[in-house]
Amino acid sequence: KAGVTQTPRYLIKTRGQQVTLSCSPISGHRSVSWYQQTPGQGLQFLFEYFSETQRNKGNFPGRFSGRQFSNSRSEMNVSTLELGDSALYLCASSLSESETGGLPRQETQYFGPGTRLLVL
Amino acid sequence: AQKVTQAQTEISVVEKEDVTLDCVYETRDTTYYLFWYKQPPSGELVFLIRRNSFDEQNEISGRYSWNFQKSTSSFNFTITASQVVDSAVYFCALRAAYLDSNYQLIWGAGTKLIIKP
């Protein structure tokens, strides 16, 4: 089974531009989460999508947005890029269930290779 | 609040030595999951293990072993007879079990492991 794929792998943009990153989850996985990794802040959660709906969100400004399509593929968009947005953006997929009334969610997140974004 | 602490920023050992990576966590949830991931220089996070809070049995997988102690809120990772290919950054992470909790992976800062030949 193919793993999580992310495109592009590397990207160079300038301040003020916008960027769209893509993530294709493992076949059959319905949840996609996005993380930002920087040397200073480490790994930080951006958001999670399930069934085309944002289910969870981290503490990032509104410039960071995402969406999920019916085939579970997800895109992440960053508008008005800033120098501090330079980072490795990681996508993770998991075999998730819809809300089941209090039962624990045991799925593990599997990560893609990431997109390295450099903002000049 | 949830928190994961990996106090060892960097560890350097000679090949074939045993090495233990420490992970201490904080959470008010009674049910939660702990994870270890490996990040080689390529950048991809590779899943190593998931441990449920209600299962304190330790686990061994080849040269890897994990020691989960709920009493001390620790989930340490030991590599026996280390190899150069084990060189990577290792992350410990915590996640609540229920959707109405803070359902996201909370990450430690990572421990960079260098195995010298």
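Everything numeric in this text was worked out from a predicted model, so none of it was measured.

Chemist: Explain the pairing of strand S4 (residues 31-38) of chain A here, please?
Modeler: Consecutive side chains along a regular strand alternate between the two faces of the sheet. Residues and elements named next belong to chain A. Burial within S4 is extensive, with eight of its eight residues counted as buried. The two faces of S4 match: Ser31, Ser33, Tyr35 and Gln37 on one face and Val32, Trp34, Gln36 and Thr38 on the other face are all buried. Taken together, the eight bridges between S4 and strand S5 (residues 42-50) define a ladder with antiparallel strand orientation. Bridge pairing in S5 places Tyr35 opposite Phe45. Counting the residues that bridge the hairpin from S4 to S5 gives three residues. Pairing of S4 with strand S9 (residues 87-94) involves seven bridges; the strand directions are antiparallel. Counted as the bridge partner of Tyr35 is Leu90 from S9.

Chemist: Can you walk me through the state of the cysteines in this structure?
Modeler: Note on terminology: disulfide describes a covalent bond linking the sulfur atoms of two cysteines. For the coordinates displayed, the defined rule picks out two disulfides over all chains. Paired by a disulfide, A:Cys23 and A:Cys91 hold their sulfur atoms 1.7 Å apart. Because the torsion about its S-S bond is -55°, the bridge between A:Cys23 and A:Cys91 counts as left-handed. You can see A:Cys23 sitting in strand S3 (residues 19-24) and its partner A:Cys91 sitting in strand S9, a full 68 residues away along the chain. A:Cys91 gets classed as buried once you look at its relative accessible area, which sits at 0%. B:Cys23 shares a disulfide with B:Cys92; S-S distance 2.0 Å. Sign of the S-S torsion, about -65° for the bond between B:Cys23 and B:Cys92, identifies this disulfide as left-handed. Of this pair, B:Cys23 sits in the loop between strand S3 (19-21) and strand S4 (24-26) while B:Cys92 sits in strand S10 (residues 88-96), placing them 69 residues apart in sequence.

Chemist: Just checking my understanding: could you explain the pairing of strand S6 (residues 53-57) of chain A for this structure?
Modeler: All names here are of chain A. Of the strand pairs in this sheet, S5 and S6 are connected by four bridges, and their pairing is antiparallel. Residue pairing across strands places Phe47 opposite Lys57, the latter belonging to S6. In this structure, the hairpin formed by S5 and S6 is closed by a connection of two residues, where Ser51 is found at a positive phi of approximately 50°.

Chemist: It is not clear to me how the sheet that holds S3(A) should be interpreted in this structure. Could you clarify?
Modeler: Strands belonging to one sheet form pairs held by backbone hydrogen bonds; the direction of such a pair is parallel or antiparallel. All names here are of chain A. In space, the four strands of this open sheet follow the order S1-S3-S8-S7, with antiparallel pairing throughout. Every interior strand has two partners, whereas the edge strands, strand S1 (5-7) and strand S7 (64-68), have only one. Taking each pair of neighbouring strands and ignoring which way they run, the sheet shows an average axis angle of 20°. With three bridges joining them, S1 and S3 adopt antiparallel strand pairing. Paired with Gln6 across the two strands is Cys23, which belongs to S3.

Scoring rules and cut-offs
Per chain, residue numbering runs from 1 following the sequence as it is written. Chain labels run from A onward and ligand labels from 1 onward, assigned in the order the entries are written. With pLDDT at 70 or above as the cut-off, local features in this predicted model cover only qualifying residues; side-chain atom pairs require 80 or more to be listed or tallied, and sums for whole chains, interfaces and linings still use all residues. In computing side-chain properties, one takes all heavy atoms of the structure into account and sets aside hydrogens as well as water. Only protein chains enter the calculation, and the probe is 1.4 Å; a residue is then buried if its accessible area is under 20% of its type maximum, exposed if over 50%, and partly exposed in between. The helix count covers DSSP runs of H or I at least four residues long, the strand count covers runs of E at least two residues long, and both are numbered beginning at the N terminus. Only when DSSP finds a minimum of two bridges between them are two strands counted as paired. We call a pair of cysteine sulfur atoms a disulfide when they lie within 2.5 Å. A fitted line through C-alpha atoms represents every axis, and for helices the fit uses only the stretch in contact; the resulting angles, taken between N-to-C directions, go from 0 to 180 degrees.

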